[in-house]
Amino acid sequence: LVANEDAAGSHGEFEWVGALLRKEDGRRYYSCMRTPAGETVPVGSSICVYAPRGQPSFLAQVVAMWENERDDLKQYRCRWFFRPNQAFQASALQEEEQLQHPREVFYSDEFDVNYVNTIECRTIIVHSQTLPPGFNLDSLRVGDHFFYRCSYERQTRRFAPVEPPTGPVKARGLGARGGESGGKEV
């Protein structure tokens, strides 16, 4: 991932909002941060993450955030969402009728740990069943608003329906420390 020092600022320009949740394994965990642009990013928020120049931002959901006691570097753990072009390039065998709306993204079970200065801004990503009945999906073309209804498994190149969330985001298999792998949780 690309850390944009000019736009995102250094780690010190990201501030914690609220009290320390806990100290564990050399980390100080928090529930919310403020970006240099003044946006608050609580755990559970959807975010745009800097991508290489010329590419659209990566999309993710924050599942944990902390500061390392050793070096005071601020990090977050996220669940990735795939944009249609990321999923369909790898899944050329999908039927034509499965091509979706341009604002539809795909839920994944892939998690990663990144530095906070890779956060570009907050965005909105909701399950399609949480939208009001008769909602015009074309209205999502304005701004960074997205929806999902399927998951995408990169290894099998398959899509599957996803039930809407019923509570806070929980990373499957996520221990207290949150794991360090950049791939799928097992």
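See the structure shown above.
What you are looking at is a predicted structure, and each value in this text was computed from that prediction instead of being measured. Counting from 1, residues in each chain are numbered in the order their sequence is written. Selection of residues for local features in this predicted model requires a pLDDT of at least 70, selection of side-chain atom pairs for listing and counting requires 80 or more, and totals for whole chains, interfaces and linings are taken over all residues. Excluding hydrogens and water, the side-chain values take into account all heavy atoms of the structure.

## Here we look at the overall build of the chain
This is how the line gets drawn: Put simply, DSSP H or I for four residues or longer makes a helix, DSSP E for two residues or longer makes a strand, and each gets a number counted from the N terminus. To sort residues, take the accessible area from a 1.4 Å probe on protein chains only and compare it with the maximum for the residue type: under 20% means buried, over 50% means exposed, and anything in between is partly exposed. Note on definitions: a residue-residue contact is assigned when non-hydrogen atoms from the two residues lie within 4.5 Å. In these tables, accessible area is a Shrake-Rupley quantity obtained with a 1.4 Å probe, and a residue counts as shielded only by the protein chains included in the view.
Scanning the chain from terminus to terminus reveals two helices and 13 strands. Taken over 186 residues, the chain has a buried fraction of 42%. Within the chain, counting contacts between residues at least 6 apart in sequence, those at least 24 apart form 59% of the total. A total of about 10,300 Å² of accessible surface is found on the chain, and carbon and sulfur atoms cover 49% of it.

## Details of the sheet that holds strand 5 (residues 40-42)
Heads up, the condition is: Two strands are said to pair when DSSP picks up at least two bridges between them.
Taking strand neighbours across the sheet as the criterion, the three strands line up as 1-4-5 in an open arrangement whose pairing is antiparallel. Edge positions in the sheet fall to strand 1 (15-16) and strand 5, since each has one partner strand and no second. Looking at chain direction, strand 4 (residues 32-34) and strand 5 are connected through three bridges and run antiparallel. Looking at the pairing, M33 lines up with V41 of strand 5.

## Here's the deal with the side chain of S46
Examined against the element boundaries, S46 turns out to sit in strand 6 (residues 46-49). Classification of S46 as buried rests on a relative accessible area of 7%. With residues up to four places along the chain from it excluded, the contact list for S46 reads A60, Q61, R122, T123 and I125.

## Some points on the pairing of strand 3 (residues 27-30)
Residues in a regular strand point their side chains to alternate faces of the sheet. By the alternation rule, side chains of strand 3 split into R27 and Y29 and R28 and Y30, which are all buried. Of the pairings in the sheet, the one linking strand 2 (residues 22-24) to strand 3 comprises three bridges and is antiparallel in character. Across the sheet, K23 pairs through a bridge with R28, a residue of strand 3. As consecutive antiparallel partners, strand 2 and strand 3 are separated by two residues, and within that stretch D25 has a phi angle of approximately 50 degrees, a positive value. Examined bridge by bridge, strand 3 and strand 7 (residues 58-68) share four bridges and lie antiparallel to one another. The residue bridging Y29 from the neighbouring strand is W66, located in strand 7.

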